[in-house]
Amino acid sequence: NQRFRPGFEIRERGMAGNTPKLVRAARRPRYLVLDYVEPLGGNEVALGYDAFSFPPHAAAFMRAIDANQPASSVMLPLLQRSTRLGFLLIQPVYRRGASLANAAARSAAALGDTAVIIDVAALVDSNLAKSNLLARNGLKIELYGPGTDGPRRAYVHDALDQTERPPWYAFIGA
């Protein structure tokens, strides 16, 4: 991969003080490396990430192998925006022609995965905005999902304390 991406390295989640960041991955027997992302713009930070280095991500992959069907993760901090939560839907990709008769055979035949990462706040916010629900005063929405240590708040919109302005304010630019 150095030929196509100079400086490429396998990375994992780490900390720089209290700030999460990606660091060079530790040696381990198996990696699940993100080597393709679409769209690339804004997601470059994810290239080289080893999903096996983060237990909740690895657990979703192994659950998909065990169940022989797609699996989702718990709410995870997004690599691109660590202050936001999302989840992934993951489907293992297996070696062509390999036996997939049981979980052990599927695990041995797994080459990688295809996954979709869902930014919960972006998804919910865009849908509520398209429905014109965010413009209303007196509305508070909080969405929670399963996290690694119990429920995690993935989205909040709070317009309870906004005072309603007359429509003519828009004409004067207020």
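See the structure shown above.
Let me begin by describing the structure that accompanies this report. As the structure is a prediction and not an experimental result, all values here were calculated from the model.

The subject of this paragraph is the packing of aromatic side chains. With the rule as written, the count across this model stands at one aromatic pair. Between Phe-52 and Phe-61, the ring centres sit 5.4 Å apart and the planes meet at 70°, which makes this aromatic pair edge-to-face. In this structure, Arg-13 packs its charged tip against the face of Phe-54, placed 4.1 Å from the ring centre.

Now for the layout of surface pockets. What the largest pocket holds in volume is close to 810 Å³. Taken together, 34 residues line the largest pocket, and the ones lying closest to its centre are Leu-34, Tyr-36, Val-37, Ala-115 and Ile-117. At eight residues, strand β6 (residues 110-119) tops the list of elements feeding residues into the lining of the largest pocket. Tallied by class, the residues present in the lining of the largest pocket amount to 20 nonpolar, eight polar and six charged. The space that makes up the second largest pocket amounts to roughly 250 Å³. Those elements that provide at least two residues to the lining of the second largest pocket are β1 (11-16) and β2 (19-24). Each residue belonging to the lining of the second largest pocket can be placed in one class, and the counts come to eight nonpolar, two polar and two charged.

Turning our attention to the pattern of salt bridges. Taken as a whole, this structure holds eight salt bridges when the rule is applied. In this structure, Arg-28 engages Glu-12 in a salt bridge whose closest nitrogen and oxygen atoms are separated by 2.5 Å. Note that Arg-28 is positioned in the loop between β2 and α1 (55-67) and Glu-12 in strand β1, a separation of 16 residues in sequence. Exposure remark for Arg-28: the relative accessible area of 24% places this residue in the partly exposed category. A relative accessible area of 16% places Glu-12 in the buried class. Ionic pairing is found between Arg-28 and Asp-50, a salt bridge with its closest N-O pair at 2.7 Å. Pair noted here: Arg-28 is in the loop between β2 and α1 and Asp-50 is in the loop between β2 and α1, with a separation of 22 residues, a long-range link. Taken together, the shared-partner salt bridges connect Lys-140, Glu-142, Arg-153 and Asp-158 into one network.

Cut-offs applied
Residues numbered from 1 in each chain as written. Predicted model: local features only at pLDDT ≥ 70, side-chain atom pairs only at ≥ 80, totals over all residues. Heavy atoms only, no water. Phe/Tyr/Trp six-rings, centres within 6.5 Å; stacked < 30°, edge-to-face > 60°. Lys NZ or Arg CZ within 6 Å of the ring centre and 35° of its normal. 1 Å grid on protein atoms, 1.4 Å probe; cavity = no way out; pocket = protein on both sides within 12 Å on 5 of 7 lines; lining within 4 Å. Points joined across faces, edges and corners; volume = space filled by probe spheres on them. Helix = DSSP H or I, 4+ residues; strand = E, 2+ residues; numbered from the N terminus. Nonpolar A, V, L, I, M, F, W, Y, C, P; charged D, E, K, R; others polar. Salt bridge = Lys/Arg side-chain N within 4 Å of Asp/Glu carboxyl O. Buried < 20%, exposed > 50% of the residue type's maximum accessible area, 1.4 Å probe, protein only.

By themselves these figures say nothing about function.
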